[in-house]
Structure formats: structure tokens, C-alpha cells
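If you want the building blocks of each chain, they are given just below.
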Amino acid sequence: MHRHAWMMACAIGALTAAASVAHADTAAATADAVATGSSANSAMVSDIVVTAEKREATVQTVPLAISAYTSKERDLIGLNNIDDLTNWTPGLRYSTSLDRVFLRGVGRQTNNLATDPGVATYVDGVYDAATYDSEGDSLFIQRTEVLRGPQGTLYGRNSIGGAIDVISVQPTDHFYAEGRVNIGNYGTYDGEAAMSGPINDHMRIRVAGYYNDQQDGFFHNVAIPGTSEDGNQQAWYGEVQLAGDFGPKFDYWIKANAAASDATYRTTNNILGYNTYQYVAQGTLGLNPGFAYNPCFTASQATPCAASPTGFGLNGTFQQAGTVMTNPAVTDQFAYNLAKPDKIDIRPNYGFNWHGTFHADGFDVKYLGGWAHHYLTIDDPNSGGTPVTGLTIPCLPPPFASASCQSFQLFPTDWHYLEDKSWTSHEVDLISTNKGPFQWLVGGYYYHEWYTQYSNYTSPSQTQLSQPLGAAANPDNTYYFTGETFEASSYAAFGQVDYQITPTWKFTGGLRYSDDTKDGHEFFREVFLEGLPTTGAATPSFDITPKTLAFANPPGAGPLVLGQTVLGEPGMDTRALDGSWSGISGTAGVEWDPGNDLIAYAKYSRGYKAGGFNGGTLSVSPEVVPETLDDIEGGVKKTFNHVLTLDASVYYYWYHNMQVEQFQLENGVETGFLGNLNLVNNYGFELEGTWQATDNLQFLLSYAYLNTRIAQATCIFDQTRAVTASDAACLSQGTAAVGFFNPVGDNLIASPPNKITVNGNYTWKFDPGNLTLSVSDTYTDGQFSTLFSTPIYHSPGYNNLDLRLLWTDAQNRYTIIAYGKNVLNSTEYDYNFPGALYSSGPLIGQESSITHSLNNPVTYGIQLQVRFK
């Protein structure tokens, strides 16, 4: 640890020394320019005003690692969603299929809502629990700020890894209206509109909304020609804002919004051949419809067949959608073969944000509040991954079956997911406004959320599941049901002071106290059919929910209650979960500002994230303790002659008790649970730059180097290697614990070592208007999908090239944008995850599947923007 700290100190010293040299060189160049009465270039880099420290300042004067994107820049580089934000922001990663955000390797490692994000999202300064609210284009978003590193002394909640703040376009004090139409490939038709203006001298209003219709998805279904999934949707959004004042002392802002969408759901695909060697699909309780494709399944029972459980054919029959009996994704990763579409629906979700500021003498009192409701469902019919809609398993010949044997019909398994969540956030800040050397901010914060989340695997046509032997009825024909209902509250008090020690040196210090509580119930049920059904419709099902557990009442959990009715589902085992945690975090740093557009800074920060639970699976250890992160960081920001800006930062993290999703085998099913990693060390370097080479030519740069290393951890189970290997250092009663491995020395997920994005844009100026060509290219290194840095979990690096051509008339009344994203149609992997190993048959010891999460293929279109003033 001391060696790494010394390396970080040297790096900070090197940055400061470089800044000093740059300061001297630029001062000399400026003096020469003044003496000769000339400048190197009449073009200037524009300053971006941000509110990262709760006061307005430009990016180049804020001693933070911050990226900021204005509405103008969003149009120029095509920044419309969080994937685009990922490309441009150093250290930022977003998993599309998992809906998780990471900054410098820090983020949320599970979708279980009983844990918190590691990167906090704010909309207009109000904490927002939904990641997708950070998306939008320049008609709705005035500016996006991404702050890297712990931000607890200025922001409301759980910003251990950083914060994303989205600032809406505000009501104007003059009439303004704009309409936009977008037409693109995949049958995309979008319409947007906004209108803003004064109601009277003290009140302004803005009304805006959009409707999106994409008719075709990125994945195409060979089972049902003409059908597709992922991206095709109908979605709408609307908002109303009011802003104004009650005299010079008090001003306010209010926004109400609603949104809904009806879409298909597919972000991943299995690229291996169908599982044809298992009656029970790997990692599930449902019988495997893909067994219909076993070469022995339809063969005569008199025919020897090595791939059969009996060694002979089974003489079975099956039904399917279409005629394709192989996995098309083996040769085309955007092709799939299913009988029914997946659906993801967002019911009308609602949100309200409001601000109020009282301007006292020497300070402001600012209140930021919000409430939101989020409701999402996913329906995945035939989650077995094949187009088989039913199959019949005949009686086996003696001695495998008795004379009373009956043929058995097997039907596919469906998956249903629900997320119903509401939250409210309240913050009061007192912010100094004097002009002296001492500035201060103190604040108080309260957050409360309540939600229900569940995942249910059912087989609607498998009637044998409806009444397990000796157990409660199972009316939804559930195989596997896991869920939770929770409430969580968070309280915090924080403050920060800035003291200008000398004209060139400033000290910053801040503290935060956080107190968090969570309480709720988890519920769980498992039902299983006989492994080799031979009694037809009378084949029994068994409730195998763990009803007698030695760990039924571990710390943080109440007693186990059997057979409850929860959310209309009887037979659930439930357990109460209750926990509270608190922590102190803060920051201390110095800033050197010698003038001539140069600053350098060094600081220490500690971040905190509350503990949580692995709700829903009745796991042995349901509670995870809070995370803490110690960050040593330094940076330099320099503007050269108003035409070139360079922002560089280096950092080193000591990341303690990282909350990670792990896996265990339970009744033959691989289930997830949460645990803590003792220590992870992350370090890296980041560089952002803007060069206005001429009046017409501009270059943008974003680069990040990230190294993550698990320094201390216990052994973790990995089913993919369980059959053939184990870590000799992971012992159980003196012998190697099969399937357990120690990840020390491995990397974190979603942490590519290198990511670089460059943009070049050139503007031709004509009397009728301006034409701009913008070219952006992003290269992202490969990354790992689990904590084990082995080749089977590695996703390759990829390149993304975007093109944009913008025409704006001389009066700025309209803009036409022609665009192409991923124009080279590069295959971009979000993650790569192999399935469990085959436990029998010719493929024993091999992966049953390999799931790729793919980003979008090439998309293109044209947008018209028309403005009325």
C-alpha cells in the first residue's frame, strides 16, 4: 500500500511540475503576443458553466475531475443517450443489458434493489433512482455533468463512485418554440416539440414532449419471419415547467413529467448450439424444451444412440414455431429463433421536481425536492431459448419404465419480472454568497423509497405444477419465484468550506455524516417436476423450497415464516430483513491557481455507500456491510491562449467491502447472492482536451486508463469451472472446495483498461448558413464480465465510428442533421457470459451456452429542427 501511495504522490508531483512549466511557457507566449499586437488564432474555446460545487463556475476553474456536455455539444457529437455518454466520459461504463453504471470500476454489481447504486444520478440536482432519466437530447437537456470520484460532501446520496447530474432546459423569459422530426432506419419515426415563454413579469412556462416509434428491432426472428426485437417500441414523454419569483428575495422552479413505453426486450443472444443433452436445462428447474433437438429424441427406441440417457432413441415428438432446428446466432449474432416475443413495458411513470431559493444577506437558502414513481414489467415467453412450443416424451422400454408408464408432455418456461418503485428526495442547502476569501456550504438531506421487485419463472401449460405434493396450491404454475418488498430511508448532514489562503492557494475541506435504514420482506418458492417423467399427466411436482434452514435467522434477518400468501402467490417462504448503517465521509484538498488559465489540485476524499441485502433467495448471509472508498487524486487544467484546453487527472483508490454478486448451487439451481470483497485497488489516468485549431476546425479528445485489481478476497464459487477445476487455496475441511476460486489479482467487471474517443469537426461558412461535418471514433479495450479474469469471461475490444453532417441557416431558424452511428457495423460486446457446464452427455464439462450482450448495429437517419422565436 505504501508503494502505491508513493507512486501516486510522485504522479501528482509530476502533474504539478508539468503545470508549472506550462504556466511559464504560456505566460511567455502571451507576453509575446501582446508585444506584437497579434494572437496565434482568432478562434476561441468556449467556456462551459457548471454547478458541480453548487455554485456557477466554468469547467476549467473547478478543481474536480468533471466532464460537461452542453446542448450545443450534444448535437455536434450526437450525444442522445447514456451509451453515447459512456463513449465520451473517461472512466464511465454502462451495461445496456444489466442497466448498471460504473465510474472508474465503481458501480452497482447487482440489479437487486435492496442494494444501492455506486454512481448517483441526479436530475436538476435531485437524486433519481432510475438510470434512464439521464437520457435525452438537446431539446430537453441543457447540460450534463459527470463528476468522477466520491462526491459526498456536496451531493445527496450514495455518490461513492461519482455523480451524474442532468440539468433540464429551463423556461425562457421570451417566446420560444421548436419542433423536431427524425426519420431513421429500422422504421424509426420520432417527433418532438417544445414551447416556452413568459406568463407575466414574474412567471415563465415551458411545455415539451416527444413520441418515438421504431417499428423494427435490431434482432430478427427466424422462427416467425417479419418479427424482430430490441429497439422497436412506442414511447412517449411529456413535461411542464414553471419558473418565477416572488420579488427579488425568492425564486422557484417546478417540473412535472410523465413517460411510458411499450417495447420488445432483447439485448443478449446465445451463440452456441442448442442444449440437446439435458432433460433439465443447465442452471434452471424447468425441463428443457431444447431436448427435442437431441439427435436421439425422435429416433426409434430400438436404435442405439449414445446421446440418449438410455443409450437408445426415445421416439419422441415435438411442436415448434417455424422449421429451423439450429441456433441461427451461431453464424449471425443478431438472429434468434423463438416462438413468442419478449416484452418490456413501462407504465406511465411520473415525476415531480421543485426548487426554491431564498436570497438572504450573505447567503442563499436553497431547497431541492422531488417525488417519482417507476413501474416496469418484463415478460419473456419461452425463456428456454428455443422455438419449441411443446414436446412429448414417450414411455421408455423396459427396464427403464414400468407397465403403467404414460407418455409425458413438456411445455416451455416463461419468465416474468416486475419492478414497482417510488421515491422522494429532500435537500436544504445554505450557501454563502459573499465575495470574501471564506466560502461555505452546509446541507441536510432526507430520502425515502419503497418498492416491490420479483422474478417469476412459470410454465402456464404445465398443469402438474399447480398442486405440488403435500404443499400449498401453485396457481401460476411457478417453478421458481424470488422477490422482495422494501422501504429504505437515508438521512445526511454535510458541509464544505473553501478558504483562499493566498491569492494563488486555496484549501477545501468537507465532512458528511450518513445514516441509512432498510427494512422489508423477502419471499421465495421452488417447485420441481420429477426429473424423468414417466407417468403422464399424473407426474408429480414437489415443493422444494428450503423450509428447514439452520440459517433461518441470521444477523439482519427475522425468523423464517412458511407458506405465506404474498402478492397473490401462496406457498411462499418469507423472512423479514432489517438493517441500519452509518458512516462519515469527507474531503480535503488544495488548489493552486497562479493565473493565466492554469489550475492544479490535489485532494483526498472518502466515499460511503450504505449496506444492503440479497433479498429474495433466503440466502445464508443476506446482509452486506457498507462500502467505503479512499481516493487520492490530483489534476491539472490548462487553457493555452484560449484555443487549447487540457484537463488531466490521476487517482488511486482503496475500495473496501465492495458489494458483489456471487453464485451458489441450491437444489441444482445456480442462484445469486451478495457478498463483500475485502479490498480492491483501482488507479488510473484521464485526459480530456479541446483544440480550436482554426475558426472552422475543432478537435475533441477523451482518454482513460484504468487498472483494477482485487487485493483481498475470500474464495468464490464459479459453476462454469466447477466440473473440471478448483482453486487449491480454497479449502473445505482440509481438501480443495470444488468449484471455488480466489479472485485475488483479478480485475473488476466493466473496467476496460483503455478507452479513447476523438472527434474532429469542420464548419464551412456560407452566406445562407453553416455546414459542419463531425466525425467521432471510440475505441474500447476488452473487459471481463465476472470477477474471474479468465478467457471465458472476456469480451473483446471494439471500435465505434459515428458520422454527422449538420446544416444550420444563417438566422438559426432551422437545422438539418444527417447522422450515422456505428457506421462500420462493428460488433460491440457489452459482456460475455458462459452458461453452466454440461453435467452429462457427450458435452460433459463444456459450456451449455455463451451469452453475448450486444450493442446496436449501424443506425442512420435524418433530423429536422425548426425554431420559432
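Quick caveat: nothing in here was measured; it's all calculated off a predicted structure.

Moving on to the overall build of the protein. Regarding its fold elements, the protein presents 3 helices and 51 strands. Residues classed as buried in the protein amount to 57% of the 869 residues present. For the protein, contacts bridging at least 24 residues in sequence account for 68% of all contacts bridging at least 6.

Reading across from one edge, β3-β9-β10-β7-β8 is the order of the 5 strands in this open sheet, with mixed pairing throughout. The outermost strands of the open sheet, each flanked by one partner alone, are β3 (66-70) and β8 (126-128). Direction aside, neighbouring strands of the sheet carry axes that sit 20 degrees apart on average. Inspection of the sheet shows strand β9 (residues 141-148) paired to strand β10 (residues 162-168) by 7 bridges, in the antiparallel sense. In the strand pairing of β10, I141 is matched with S168.

Further remarks concern the pairing of strand β21 (residues 343-360). Pairing geometry for strand β17 (residues 250-264) and β21, over 14 bridges, is antiparallel. Bridging across to β21, Y252 finds its partner in G356. What sits between the antiparallel neighbours β21 and strand β22 (residues 363-380) is a turn of 2 residues, in which G362 has the positive phi angle 90 degrees.

This next bit is on the packing of aromatic side chains. This structure, assessed with the given rule, holds 35 aromatic pairs. Ring plane angle 85 degrees and centroid distance 5.1 Å describe the contact between Y127 and Y447, whose orientation is recorded as edge-to-face. Of this pair, Y127 sits in strand β8 while Y447 sits in strand β26 (residues 438-458); the two residues are 320 residues apart in sequence, bridging distant segments of the chain. Residue Y127 is classed as buried on the basis of its relative accessible area of 3%. Following the ring pairs from residue to residue traces out a cluster consisting of W415, Y417, Y457, Y480 and F524. Against the face of Y651 rests R104, its NZ or CZ located 3.9 Å from the ring centre. Stacked on the ring of Y336, the Lys or Arg R266 has its end atom at 4.3 Å from the ring centre.

Our focus in this paragraph is the side chain of S585. Mapped onto the elements of the fold, S585 is located in strand β31 (residues 569-592). Beyond its immediate stretch of four places on either side in the chain, S585 contacts G510, L511, R512, R606, G607 and Y608.

With that out of the way, let us pick up the pattern of salt bridges. One pass over the structure, following the stated rule, counts 26 salt bridges. Measuring nitrogen to oxygen at the nearest pair gives 2.8 Å for the salt bridge that ties K54 to E427. Linking K54 in the loop between β1 (49-50) and β2 (57-58) with E427 in strand β25 (residues 414-432), this pair joins segments that are 373 residues apart in sequence. Its relative accessible area of 21% is what places K54 among the partly exposed residues. Taking the relative accessible area as the measure of exposure, E427 reaches 2% and is therefore buried. Where R575 meets E522, a salt bridge forms, and the shortest distance between an N and an O atom there is 2.8 Å. Residue R575 is found in strand β31, and its partner E522 is found in strand β28 (residues 505-529); the two are separated by 53 residues along the sequence. Given the relative accessible area of 0%, R575 is considered buried.

Moving on to the sheet that holds strand β19 (residues 317-320). The 3 strands lie next to each other as β19-β23-β24, forming an open sheet whose pairing is antiparallel. Both edges of this open sheet fall to β19 and β24 (408-410), since each of them pairs with a single strand only. Each neighbouring strand pair of the sheet contributes to a mean axis angle of 15 degrees, computed without reference to strand direction. Note: strand β23 (residues 388-393) against β24, 3 bridges, orientation antiparallel. Directly across from I393, in β24, lies its bridge partner F408.

It is worth spelling out the nonpolar core at this point. Core analysis: the biggest nonpolar cluster contains 24 residues, and V50, A52, I66 and Y155 have the highest contact counts within it. Looking at this core, the elements that each hand over two or more residues are β3, β7 (119-123), β25, β26 and β27 (478-500). With 21 residues, the next largest nonpolar core counts Y274, I393, L410 and Y479 among its residues.

Below, the discussion takes up the environment of P289. Considering the arrangement of structural elements, one finds P289 in the loop between β18 (268-270) and β19. Take P289: its relative accessible area is 5%, and that puts it in the buried class. Taking the C-alpha atoms as reference points, P289 and Y279, 10 residues apart in sequence, are found 8.2 Å from one another. Aside from chain neighbours lying at most four places away, what touches P289 is N382, G384, T386, V388, L391, L410 and P412.

Let us look at the state of the cysteines. Under the defined criterion, the tally for this structure stands at 2 disulfides. The residue that forms a disulfide with C296 is C305, at a sulfur-sulfur distance of 1.9 Å. Where C296 bonds to C305 through sulfur, the torsion about that S-S bond is close to -85 degrees, and the disulfide is left-handed. Under the relative-accessibility criterion, C296 is labelled buried at 0%. Judged by its relative accessible area of 15%, C305 falls in the buried class.

Attention now goes to a nonpolar patch on the surface. Nonpolar side chains collect at one region of the surface, where F438, V497, Y499, I501, W505, F507 and V590 lie side by side and expose about 610 Å² of accessible area between them. By the element assignment, Y499 lies in strand β27.

Residue placement: T539 occurs in the loop between β28 and β29 (541-543). Under the relative-accessibility criterion, T539 is labelled buried at 2%. Measuring from C-alpha to C-alpha, the distance between T539 and T463 comes to 9.9 Å, with 76 residues separating the pair along the chain.

In this section: the confidence of the model for the protein. Fine structural detail should not be taken from predicted coordinates in areas where pLDDT scores are low. Per-residue confidence for the protein averages 86 on the pLDDT scale, and 90% of its residues sit at or above 70. In this model residues 1-42 is a low-confidence stretch, pLDDT under 50, and it forms 45 contacts with partners more than four residues away in sequence or in other chains.

By the secondary structure assignment, S261 is in strand β17. Among residues more than four places away in sequence, those in contact with S261 are Q233, Q234, A235, I344, D345 and I346.

As a further point, take unusual backbone geometry. Comment: phi is negative for the bulk of residues other than glycine, and the bulk of peptide bonds are trans. With phi around 60 degrees, N315 is a residue other than glycine that occupies positive phi space. Along the polypeptide, N315 turns up in the loop between β18 and β19. Residue class for N315 comes out partly exposed when judged on its relative accessible area of 44%. In this structure, N822 is a non-glycine residue whose phi angle is positive, near 50 degrees. With respect to the helices and strands, the residue N822 is situated in the loop between β48 (814-821) and β49 (829-834).

Criteria and thresholds
- Residues numbered from 1 in each chain as written.
- Predicted model: local features only at pLDDT ≥ 70, side-chain atom pairs only at ≥ 80, totals over all residues.
- Heavy atoms only, no water.
- Helix = DSSP H or I, 4+ residues; strand = E, 2+ residues; numbered from the N terminus.
- Buried < 20%, exposed > 50% of the residue type's maximum accessible area, 1.4 Å probe, protein only.
- Contact = heavy atoms within 4.5 Å.
- Pairing = 2+ DSSP bridges.
- Axes fitted to C-alpha atoms, helices over the stretch in contact; angles between N-to-C directions.
- Phe/Tyr/Trp six-rings, centres within 6.5 Å; stacked < 30°, edge-to-face > 60°.
- Lys NZ or Arg CZ within 6 Å of the ring centre and 35° of its normal.
- Salt bridge = Lys/Arg side-chain N within 4 Å of Asp/Glu carboxyl O.
- Core = buried A, V, L, I, M, F, W, Y, C linked by side-chain atoms within 4.5 Å.
- Disulfide = S-S within 2.5 Å.
- Patch = residues over 30% accessible without salt bridge, like charges linked within 9 Å, V, L, I, M, F, W, Y side chains within 5 Å.
- Areas by Shrake-Rupley, 256 points an atom, 1.4 Å probe, with all protein chains shown as cover.
- pLDDT = per-residue confidence, 0-100.

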